[in-house]
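Analysis of the macromolecular model
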Amino acid sequence: MKMSDTLLIVPPNDAEAIVISQIAQLLGIPTYLSKQTHGASLDKGRDYRSDIKKDKYKRVVIVEMPGPKTEARLRKMNIELVIIDHHHYTGLNRAHDFRTGRMLPSSLEQFLDLFKISEKKLKALGFDPLLVRGIGVLDRGFIWALQDEGFTKSEMKKVLAYHDQLLEKIHDPKTEAKKQRIAQDTWQRRKKWNHYFIVETNADIQLRPRLSRIVALELGKPTPLIIIERSRHLIYVQESDLAMELFERFGGFTFGSDRNWGYRNETGKPRVTLAGVKKVLDDGGK
């Protein structure tokens, strides 16, 4: 199939998605960049069917934008629909291969495999294959996955620097330093509960990824965390053997090889509280 026959839909809201969109555009793949942030859904926002009909696309590839209703409508258009994802969502398992049951690789790794993009091709497009692979591994299992994959300390520093460079495209440099200070201050006010650190903020910032980096660099090992972003109505549990138990009890979403769980308290959905999360963790998922 020609590249021009495929429409790629991706929300460039993190480093992995930004790399995917950059590679796709350089390859000449028609690409629609959704403006949705984390939690993006195909069922929200633009209806792509008119674009697909007009340009006669034969295949649509959707990256981390779950939307069963819209996906069903697209399948009725007699096109090939490819879903790239590696997360659990409420009522939707996108973390495992439905045929083998195995955990799926990161979305970037799936993208490279789908379009048969070799290291040689990446170099020809102007990318450093080590850094591209590192972004995929980082998204799949954070710094610990890089260690497991054999990245040296020097290579890990390069991947993290590249990651931050990519995020400069979506982070306002005028406010990023302040957000980093908030994350650091919030970590200093952490509380200990069982073997988890509880970190809470009322600030309207995306605390979790900033905090994860701080904790990893400071403690140097996977550290169980309960993170509460009150203004964004989010609660997370990271580096926990009970992440899937939380998902099965409350729904929400998983990430990081199913060792991390999150839930957004939205209108019309059951409310998940810190007390409720503690009970599941205290009971060991029973």
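Notes on the structure in this doc start here. Computed from a predicted model, the values in this text were never measured in an experiment. (Residues numbered from 1 in each chain as written. Predicted model: local features only at pLDDT ≥ 70, side-chain atom pairs only at ≥ 80, totals over all residues. Heavy atoms only, no water.)

1. Remarks on the overall build of the protein chain
What the protein chain contains, in helices and strands, is eleven helices and twelve strands. With respect to the three principal axes, the spread of C-alpha positions in the protein chain is 55 × 45 × 40 Å. Taken over 286 residues, the protein chain has a buried fraction of 50%. Of the contacts formed within the protein chain by residues at least 6 apart in sequence, a portion of 58% connects residues at least 24 apart. Entry remark: accessible area of the protein chain is about 15,000 Å², with carbon and sulfur atoms responsible for 50%. Separation of charge centres in the protein chain, based on 49 positive and 37 negative side chains, amounts to 3 Å. (Helix = DSSP H or I, 4+ residues; strand = E, 2+ residues; numbered from the N terminus. Buried < 20%, exposed > 50% of the residue type's maximum accessible area, 1.4 Å probe, protein only. Contact = heavy atoms within 4.5 Å. Areas by Shrake-Rupley, 256 points an atom, 1.4 Å probe, with all protein chains shown as cover. Lys, Arg positive; Asp, Glu negative; His and termini not counted. Charge placed at Lys NZ, Arg CZ, Asp CG, Glu CD.)

2. Some points on unusual backbone geometry
Phi angles above zero are rare outside glycine, and phenylalanine 142 is one such case at about 60°. You will see that aspartate 258, though not glycine, has its phi angle at about 65°, which is positive. You can see aspartate 258 is positioned in the loop between strand 11 (253-255) and strand 12 (260-264). Given a relative accessible area of 11%, aspartate 258 falls into the buried group.

3. A word on the pattern of salt bridges
All told, the structure shown has 17 salt bridges when counted by the stated rule. Linking arginine 140 and glutamate 149 is a salt bridge whose minimum nitrogen-to-oxygen distance equals 3.3 Å. We note a salt bridge from glutamate 176 to arginine 210, for which the minimum N-O separation is 2.8 Å. In this pair, glutamate 176 sits in helix 8 (residues 173-188) while arginine 210 sits in helix 9 (residues 207-219), placing the two residues 34 residues apart along the sequence. In this structure, glutamate 176 and arginine 210 share a single accessibility class: buried. (Salt bridge = Lys/Arg side-chain N within 4 Å of Asp/Glu carboxyl O.)

4. Let's talk about the environment of threonine 267
Structurally, threonine 267 is set in the loop between strand 12 and helix 11 (274-283). Threonine 267 gets classed as exposed once you look at its relative accessible area, which sits at 85%. Linking threonine 267 and arginine 210, residues 57 residues apart in sequence, is a C-alpha distance of 27 Å.

5. Notes on the side chain of histidine 86
Structurally, the position occupied by histidine 86 is in the loop between strand 4 (80-84) and strand 5 (88-89). Take histidine 86: its relative accessible area is 6%, and that puts it in the buried class. Within polar-contact distance, the side chain of histidine 86 engages the side chain of glutamate 64 at 3.2 Å. A distance of 3.5 Å separates the side chain of histidine 86 from the side chain of histidine 87, its partner in a polar contact. Histidine 86 has contacts with Glu16, Glu64, Arg94, Ala95, Leu104, Pro105, Ser106, Ser107, Gln110, Asp139 and Arg140, leaving out every residue within four places of it along the chain. (Polar contact = N/O pair within 3.5 Å; in protein donor to acceptor, adjacent residues only side chain to side chain.)

6. Side note on the environment of tryptophan 261
Relative to the helices and strands, tryptophan 261 is located in strand 12. Taking the C-alpha atoms as reference, tryptophan 261 lies 7.3 Å from methionine 244; in sequence the two are 17 residues apart.

7. What to know about the packing of aromatic side chains
This model, assessed by the stated rule, comprises ten aromatic pairs. Plain terms: the ring middles of phenylalanine 111 and phenylalanine 115 are 5.1 Å apart, the flat faces sit at 50° to each other, and that makes the pair tilted. Classification of phenylalanine 111 as buried rests on a relative accessible area of 0%. A centroid spacing of 6.2 Å and a plane angle of 75° characterise the contact between tyrosine 236 and phenylalanine 253, whose relative ring orientation is edge-to-face. Of this pair, tyrosine 236 sits in strand 10 (residues 234-238) while phenylalanine 253 is found in strand 11, placing the two residues 17 residues apart along the sequence. For tyrosine 236, a relative accessible area of 6% puts it in the buried group. Of the residues examined, phenylalanine 253 reaches a relative accessible area of 23% and is grouped as partly exposed. Grouped by ring-pair contacts, the aromatic residues Tyr236, Phe253 and Phe255 constitute a single cluster. (Phe/Tyr/Trp six-rings, centres within 6.5 Å; stacked < 30°, edge-to-face > 60°.)

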